[in-house]
Amino acid sequence: MEKRRWVFMVGVVAVTYLLFQSLLLPYENALLSLLPDGEIPVRAESSFLAVHSAAKSVMVRNPLTVNASELSNDSMVVEVVRTEGVGRAIENGGGLKGEDSDAENGFASDEKGLDNDFELFVGGNLNSGSPPYENVVHMNDSSALEIVKNEENSSVLDESGGVSLEQTVKPNNGVSVGKNPEENTSLKSENSKDADTTIISPPLALPRTASSITITHIENVVSNASSSALQREGATLKNDYVLMNSTGKKEMRCNMPPKSITSLYEMNRILARHRRSMRPRRSSVRDQEIVAVKSHIEHAPVVINDPELYAPLFRNVSMFKKSYELMERTLKVYVYRDGSKPIFHQPILKGLYASEGWFMKLMEGNRRFVVKDPRKAHLFYIPFSSRMLEYTLYVRNSHNRTNLRQYLKDYSEKIAAKYPYWNRTGGADHFLVACHDWAPYETRHHMEHCIKALCNADVTAGFKIGRDVSLPETYVRAARNPLRDLGGKPPSQRHILAFYAGNMHGYLRPILLKHWKDKDPDMRIFGPMPPGVASKMNYIQHMKSSKYCICPKGYEVNSPRVVEAIFYECVPVIISDNFVPPFFEVLDWGAFSLIVAEKDIPNLKDILLSIPKEKYLELQLGVRKLQKHFLWHAKPLKYDLFHMTLHSIWYNRVFQIKLR
């Protein structure tokens, strides 16, 4: 009887334990926790994060239990202890993304890791006349988003003894990792359901007929082709993804075509149709000033032959000019000093994340718009770096980003408790500028009413047309000279019809190469170029010598090649469904670019050849006129990229607010 009772008790305990552990099965770590010390191996790979602070030392065994509050100490030093050959895959938009860098090949990359050399802006002087804390620190071979293959290259410190970064090399493709139920949920499912009811947008003059010819002409070219040929091509394109991904494995969101497509025409209709505004809970003098500004913009005098603005670039150049002038005279911004480095107040000035870094640097050092008294502010800037948030807090191999979102949630609650301004509008007069792919996820819900300037401007991932701002993703090669290699050959010397070179990220680029790599001498479509200076210059010279530069999406909808094409005066051909082009609320992209649907890749050459020479010359002229609006300067210039970004934030806020 005693043995039976003992066996019965053991069975009850075992069943209870297994039932309890079953709650954790979605994380694939339940039964593995029975292993010694509770450590969780990742596909025969081992790693752990040691977090040391002045007050305590915590060893993180289970990445799912990371507390964001334990990772926010200013004096924290993070050391990643790894074994040789540890692989890394990064989640992206509900999937997992293996990161590597085209920068090593001499050209921009669409995946988001720090480059071989990037620069942090932390204190001193970058140039004469710069505000305080403006010293640029070089950090070599420092990407926390790429695979670590060598123990001897495990870490490197910056010259000032600041942030410790991992030295990395390219990852292997197809790294298999565990799933997390929240992280592997499609962003679309949480955002698309209210996409048509929460969009706030300014009044809009739809693009002129002349500048819309390009898109209409493209549609006619496709429709006039042989129907049987088009059917064959369409069927082939639909099967391309299936054939290339027939391994039987569940695919990541970033490696799958979108479930729904919002065309440029539909985006224009959304922008023109939705004019909903949000009333502040308590009206202020600043709100009344913005309402008065709105009336002046709507009744702007007609602008004719402005020497500083090329009218065809804009939806309504008169409204833009008036809005810009009123911004210069009226707008005041309060920059929160709350938040500690490196996540806050420490911009990256070089590489793929340069847009958020340059804006942070120039905004914090600006004397024209920034005020010290928040009561005088029309807008409130949250100066955080989405890249440094990922680098500092993301637990490697955890495949869990909830602590990043929690960190920003805690920050928003902190400033809401400390200041009265957030609660007055629900954060609608607050804005952030972020270029990392994860920014839409990190700022969801708790910052939902903020104006978000995002590089990842995907309408299926929560981007709100008319409220949010599509931020240009700029690849800056030299922080001290961001205009290096600017310009390109005149149209008469551009003998290459179309050019693309880059890594095979996402589902679309392999399809592009399948149809056009080594298929036509006029279509210079390549995969990754070999590393080295010669390859880098070859890439730049190709862009300077091509009529059209192909800009396909990578893992996400945005690509630095769009701005690169403008930089080198090449007409960008954007192939990225659901991508909202930069400054969409004020620019007419039909005047200087081509936007081609992903399904039309098989007809790409026919589309390009169908553009008349006169139309191409108009597009190329538009690119040259547009260029000044997409350039960073150490000292901001009128209508440059800093002012264009700030203006779009201001413009969208002006048409959001409603007092009656």
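Structure's up top.
None of these values were measured; they are calculated from a predicted model. (Residues numbered from 1 in each chain as written. Predicted model: local features only at pLDDT ≥ 70, side-chain atom pairs only at ≥ 80, totals over all residues. Heavy atoms only, no water.)

A.B. asks: I'd love a proper account of the overall build of the chain, names of residues and values included.
C.D. replies: A tally of regular secondary structure across the chain gives 18 helices and 19 strands. Here the chain holds 660 residues, and 57% of them are scored as buried. Considering only residue pairs separated by 6 or more positions, the chain has 74% of its internal contacts joining residues 24 or more positions apart. As displayed, the chain offers around 27,300 Å² of accessible surface, 55% of which is attributable to carbon and sulfur atoms. (Helix = DSSP H or I, 4+ residues; strand = E, 2+ residues; numbered from the N terminus. Buried < 20%, exposed > 50% of the residue type's maximum accessible area, 1.4 Å probe, protein only. Contact = heavy atoms within 4.5 Å. Areas by Shrake-Rupley, 256 points an atom, 1.4 Å probe, with all protein chains shown as cover.)

A.B. asks: Hey, could you go over the packing of helix H7 (residues 317-330) against helix H18 (residues 641-654) for me, with residue numbers and the actual values?
C.D. replies: The relative placement of two packed helices comes down to the angle between their axes together with the axis-to-axis distance. As a packed pair, H7 and H18 sit with axes 10 Å apart at the nearest point and diverge in direction by 95°. Judged on the interaxial angle alone, H18 and H7 are roughly perpendicular. Taking contact as the criterion, the partners of Met319, Phe320, Ser323, Tyr324, Leu326, Met327 and Thr330 in H7 are, on H18, His643, Met644, Leu646, His647, Trp650 and Tyr651. Along the lines of polarity and charge, the residues of the contact of H7 with H18 split into nine nonpolar, four polar and no charged. (Axes fitted to C-alpha atoms, helices over the stretch in contact; angles between N-to-C directions. Parallel < 35°, antiparallel > 145°, perpendicular 65-115°, else oblique. Nonpolar A, V, L, I, M, F, W, Y, C, P; charged D, E, K, R; others polar.)

A.B. asks: With reference to specific residues and values, describe the pattern of salt bridges.
C.D. replies: Per the counting criterion, the structure on display carries 21 salt bridges. As a salt-bridge pair, glutamate 308 and lysine 638 come within 3.5 Å of each other at their nearest N and O atoms. Residue glutamate 308 is found in the loop between helix H6 (285-298) and H7, and its partner lysine 638 is found in the loop between helix H17 (613-626) and H18; the two are separated by 330 residues along the sequence. Take glutamate 308: its relative accessible area is 35%, and that puts it in the partly exposed class. Relative accessible area serves as the criterion here: at 37%, lysine 638 is assigned to the partly exposed category. Close ionic contact of glutamate 448 with lysine 464 constitutes a salt bridge, the shortest N to O distance being 3.4 Å. Taken as a pair, glutamate 448 in the loop between helix H12 (439-442) and strand S13 (451-454) and lysine 464 in the loop between S13 and strand S14 (469-470) lie far apart in primary sequence, 16 residues in all. (Salt bridge = Lys/Arg side-chain N within 4 Å of Asp/Glu carboxyl O.)

A.B. asks: Kindly report on the sheet that holds S14, identifying the contributing residues and their values.
C.D. replies: Within the open sheet, the five strands sit side by side as S10-S11-S12-S13-S14. Their pairing is parallel. Because the sheet does not close on itself, it has two edges, and the strands there are strand S10 (333-335) and S14. Pairing of strand S11 (residues 379-381) with strand S12 (residues 430-434) involves two bridges; the strand directions are parallel. Residue pairing in the sheet places tyrosine 381 in a bridge with phenylalanine 431 of S12. (Pairing = 2+ DSSP bridges.)

A.B. asks: Lay out the nonpolar core in plain terms, naming residues and giving numbers.
C.D. replies: One finds Phe359, Met363, Phe431, Leu587 and Leu604 to be the most contacted residues of the largest nonpolar core, which totals 130 residues. It is H18 that contributes the most residues to this core, eight residues altogether. In this structure, this core is formed jointly by two domains, domain 1 (264-477 + 644-656) and domain 2 (491-630), each of which donates at least three residues. Setting aside its immediate chain neighbours within four residues, methionine 363 contacts Val333, Val335, Phe369, Val370, Tyr381, Phe642 and Leu646. If you look at the next biggest cluster of nonpolar residues, it comprises 12 residues, including Cys549, Ala565, Tyr568 and Cys570. (Core = buried A, V, L, I, M, F, W, Y, C linked by side-chain atoms within 4.5 Å. Domains from an automatic or database assignment.)

A.B. asks: Can you lay out the environment of leucine 404 for me, pointing to particular residues and giving the numbers?
C.D. replies: Within the secondary structure, leucine 404 sits in helix H10 (residues 402-418). Expressed as a C-alpha distance, the spacing of leucine 404 and alanine 439, which sit 35 residues apart in the sequence, is 9.7 Å.

A.B. asks: Provide a residue-level description of unusual backbone geometry, including the pertinent values.
C.D. replies: Here lysine 341 and proline 342 are connected by a cis peptide whose omega angle stands at 5°. At tyrosine 639, a residue that is not glycine, the phi angle is positive and equals roughly 70°. With respect to the helices, strands and loops of the structure, tyrosine 639 is situated in the loop between H17 and H18.

A.B. asks: Tell me what's going on with the packing of H6 against H18, and back it up with residues and numbers.
C.D. replies: The geometry of H6 relative to H18 is characterised by a closest axis approach of 9 Å and an angle of 95° between their N-to-C directions. As far as their axial angle goes, H18 and H6 are roughly perpendicular. The segment H6 lies against H18, with Asp287, Ile290, Val293, Lys294 and Ile297 engaging Trp650, Tyr651, Arg653 and Val654. Taken together, the residues that form the contact of H6 with H18 break down as six nonpolar, no polar and three charged.

A.B. asks: Can you lay out empty space enclosed by the protein for me, pointing to particular residues and giving the numbers?
C.D. replies: Tallied over the full model, the rule gives five cavities of 30 Å³ or more. What lines the largest cavity is a set of 18 residues, among which Tyr475, Val476, Arg477, Pro482 and Phe567 lie closest to the centre. Taken together, the residues that form the lining of the largest cavity break down as 12 nonpolar, two polar and four charged. When residues of the lining of the largest cavity are assigned to domains, at least three map to each of domain 1 (264-477 + 644-656) and domain 2 (491-630). (1 Å grid on protein atoms, 1.4 Å probe; cavity = no way out; pocket = protein on both sides within 12 Å on 5 of 7 lines; lining within 4 Å. Points joined across faces, edges and corners; volume = space filled by probe spheres on them.)

A.B. asks: Describe the packing of aromatic side chains, with residues and values.
C.D. replies: Per the counting criterion, the structure on display carries 27 aromatic pairs. Members of the aromatic cluster, joined through ring pairs, are Tyr334, Tyr336, Phe380, Tyr419 and Tyr421. The lysine or arginine in question, arginine 315, covers the ring of phenylalanine 584, its NZ or CZ lying 4.4 Å from the ring centre. We note arginine 401 situated over the ring of tryptophan 438; from NZ or CZ to the ring centre the distance is 5.2 Å. (Phe/Tyr/Trp six-rings, centres within 6.5 Å; stacked < 30°, edge-to-face > 60°. Lys NZ or Arg CZ within 6 Å of the ring centre and 35° of its normal.)

A.B. asks: Kindly report on the state of the cysteines, identifying the contributing residues and their values.
C.D. replies: Taken as a whole and assessed by the stated rule, the structure comprises two disulfides. A disulfide bridge connects cysteine 435 with cysteine 455, and the sulfur atoms are separated by 2.0 Å. Disulfide cysteine 435-cysteine 455: torsion about the S-S bond near -90°, hence left-handed. Remark: cysteine 455 occurs in the loop between S13 and S14 and cysteine 435 occurs in the loop between S12 and H12; sequence separation between them is 20 residues. Under the relative-accessibility criterion, cysteine 435 is labelled buried at 0%. Note that cysteine 549 is cross-linked by a disulfide to cysteine 570, the S-S spacing being 2.2 Å. Taking the sign of the torsion about the S-S bond as the criterion, the disulfide between cysteine 549 and cysteine 570, at about 115°, is right-handed. Of this pair, cysteine 549 sits in strand S17 (residues 546-552) while cysteine 570 sits in the loop between helix H15 (561-567) and strand S18 (571-575), and the two are 21 residues apart along the sequence. (Disulfide = S-S within 2.5 Å.)

A.B. asks: Account for the pairing of S17, with residues named and values stated.
C.D. replies: Among the seven residues in S17, six count as buried, and that is most of the element. By the bridge criterion, five bridges tie S17 to S18 in an arrangement that is parallel. Considered in S18, the bridge of cysteine 549 is made with proline 572. In this region the chain leaves S17, passes through H15 and returns to the parallel neighbour S18; the handedness of that crossover is right-handed. (Right-handed = clockwise from strand over helix to strand, strands pointing away.)

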